[in-house]
Amino acid sequence: MKFFYSLTLTILFIQGLAAQAKGPSDEDRIEQFSAFYQKILAENGMVGSAVWIIKGGDVIHRDYFGQSNREKKQPMHEEAIFHWASITKTFTGLAIMQLRDRGLLQLEDPVTKYLPELRQVHNPYGSMDEITIRHLLTHSAGFRSPTWLWRQEEWQPHSPPEWEQVEAMLPYSKIHFQPGSKWLYSNPGIVFLGRIIEILSGDDYEYYIDKNILKPLEMHRSYFDKTPLHLIEDLCQSYFISQEGEISPAIFDLNTGITVSNGGLSSSFADMTKYVRFLLGIGDQQRYEQILKRSSLEEMLVP
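What comes next is a walk through the structure. (Residues numbered from 1 in each chain as written. Predicted model: local features only at pLDDT ≥ 70, side-chain atom pairs only at ≥ 80, totals over all residues. Heavy atoms only, no water.)

Regarding the packing of aromatic side chains
Okay, step 1: Evaluation of the coordinates by the stated rule reveals 11 aromatic pairs.
Okay, step 2: For the ring pair F91 and Y275, a centre distance of 4.1 Å and an interplane angle of 20° mean the geometry is stacked. Placement of the pair is F91 in helix 3 (residues 88-101) and Y275 in helix 9 (residues 269-280), with a sequence separation of 184 residues.
Okay, step 3: On the basis of relative accessibility, which here comes to 0%, the residue Y275 falls in the buried class. (Phe/Tyr/Trp six-rings, centres within 6.5 Å; stacked < 30°, edge-to-face > 60°. Helix = DSSP H or I, 4+ residues; strand = E, 2+ residues; numbered from the N terminus. Buried < 20%, exposed > 50% of the residue type's maximum accessible area, 1.4 Å probe, protein only.)

See the structure below:
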């Protein structure tokens, strides 16, 4: 079962566009796509958007719509930084495979080997010791989908700041199906993997990813949670659109706390293009192998 699902879908989308843009009709196809892109976003009241089309590892088209910040009337631009949300999960998957390749864990290890506190979770299907790291990676462990269910006020944090707060809720959590029997997208499962990365590496999750993935790929405009001061003007503001079409700002420059491994990455399109090239194996193979063996990356992508 694939567990690199989030960015796999992104890559397939990019490759799919590139596959359509072959031969003498490249320009026509891109022109058709651009017209559709601009039209559909305008019709749906989107504030701003950007899309890059990649072919053979090269960016062959850039398209921008609207504004990166409505209140400032700031147009969308090439250096804009987006919050990439659950694409962060793919970096967590890479980190787990790095630790596996370094002999620090096995995918079939019980999660409780590293997080014994998970034995507090109610599991009507058996022992929590039967849930493995692979179950978490494949979203087949049986944990719920939402990360944190109790945020009701604007002054409350976006996510629990500390692991101890997650741990305190474990006795009130349960397994929803026999682990390994089916699939349910689970944010908490990825948070548990992030905690394992911290325990085995001795680094905070953000620091580990920066050292072992972002810096080697020269993704210098990528970071977690609070935006560095020199990049804040490029950070896009997110928005909610109500059923009545009213637009209101969402949380700006958020802090995902202990759940950072689940969705805390912000990055530019240029940086994410470097990441896509790494995943596709286009570029400096020797440097890529130092990040993760190609065989391990293919293991993540192949059923």
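Considering the pattern of salt bridges
Any two side chains of opposite charge can pair, given that their charged atoms come close.
Okay, step 1: Within the structure shown, the criterion is met by 16 salt bridges.
Okay, step 2: Measuring nitrogen to oxygen at the nearest pair gives 3.8 Å for the salt bridge that ties E78 to R62. Placement of the pair is E78 in the loop between strand 3 (74-75) and strand 4 (81-85) and R62 in strand 2 (residues 58-69), with a sequence separation of 16 residues.
Okay, step 3: Residue class for E78 comes out partly exposed when judged on its relative accessible area of 40%. (Salt bridge = Lys/Arg side-chain N within 4 Å of Asp/Glu carboxyl O.)

Let's talk about the packing of helix 3 against helix 7 (residues 205-214)
The geometry of a pair of packed helices is captured by two quantities: the angle between their axes and the separation between those axes.
Okay, step 1: One can describe the packing of helix 3 onto helix 7 by two numbers: an axis separation of 11 Å at closest approach and a directional angle of 75°. Regarding the angle of helix 3 to helix 7, the classification is roughly perpendicular. Contact with helix 3, carried on its side by T88, F91, T92, L94, A95, Q98 and L99, involves Y205, Y208, I209, N212, I213 and L214 of helix 7 and no other residues of that element.
Okay, step 2: Residues of the contact of helix 3 with helix 7, tallied by class, amount to 9 nonpolar, 4 polar and no charged. (Axes fitted to C-alpha atoms, helices over the stretch in contact; angles between N-to-C directions. Parallel < 35°, antiparallel > 145°, perpendicular 65-115°, else oblique. Contact = heavy atoms within 4.5 Å. Nonpolar A, V, L, I, M, F, W, Y, C, P; charged D, E, K, R; others polar.)

As for unusual backbone geometry
Okay, step 1: One non-glycine residue, H139, lies in the positive phi region at around 55°.
Okay, step 2: Inspection of the secondary structure puts H139 in the loop between helix 4 (133-137) and helix 5 (163-169).

Overview of the sheet that holds strand 2
Okay, step 1: Read across the open sheet, the 3 strands follow the order 1-2-3; overall the sheet is antiparallel. Single-partner strands in this sheet number two, and they are strand 1 (48-55) and strand 3.
Okay, step 2: Judged from the 8 bridges that link them, strand 1 and strand 2 form a sheet pairing that is antiparallel. Each residue of the ladder has a partner; that of S49, found in strand 2, is F65.
Okay, step 3: Of the strands in this sheet, strand 1 and strand 2 touch helix 2 (residues 26-43), which is tilted by about 15° from strand 2.
Okay, step 4: Packed on one face of the sheet, helix 9 meets strand 1 and strand 2 and runs near 35° to strand 1. (Pairing = 2+ DSSP bridges.)

Thoughts on the environment of R70
Okay, step 1: Note that R70 resides in the loop between strand 2 and strand 3.
Okay, step 2: Placed 29 residues apart in sequence, R70 and L99 show a C-alpha to C-alpha distance of 42 Å.

Here we look at the pairing of strand 8 (residues 265-268)
If a strand is regular, its side chains alternate between the two faces of the sheet.
Okay, step 1: Here strand 8 shows two buried faces, one formed by L265 and S267 and the other by S266 and S268.
Okay, step 2: The pairing of strand 4 with strand 8 spans 4 bridges and is antiparallel. In the strand pairing of strand 8, A85 is matched with L265.
Okay, step 3: Sheet topology note: the strand 5 (residues 223-224)/strand 8 ladder contains 2 bridges and is antiparallel. By the bridge assignment for strand 8, F224 is matched with L265.

Regarding the sheet that holds strand 5
Okay, step 1: Spatially, the 3 strands line up as an open sheet ordered 4-8-5, and their pairing is antiparallel. Edge strands, defined here as strands with exactly one partner in the open sheet, are strand 4 and strand 5.
Okay, step 2: Strands in contact with helix 9 are strand 4 and strand 8; relative to strand 8, the strand with the most contacts, it is inclined by about 100°.

Concerning the side chain of S68
Okay, step 1: With respect to the helices and strands, S68 occurs in strand 2.
Okay, step 2: Looking at S68, the relative accessible area reads 1%, which means it is buried.
Okay, step 3: Not counting residues within four places of it along the chain, the set of residues in contact with S68 comprises Q74, P75, M76, H77, C236 and Q237.

What about the nonpolar core?
Okay, step 1: By size, the foremost hydrophobic cluster in this structure holds 58 residues, and its most contacted members are F91, I133, F192, I209, Y275 and F278.
Okay, step 2: Counting residues per element, this core draws most heavily on helix 3, at 6 residues.
Okay, step 3: Not counting the four nearest positions on each side in its chain, I209 is found in contact with F91, A95, L214 and F224. (Core = buried A, V, L, I, M, F, W, Y, C linked by side-chain atoms within 4.5 Å.)

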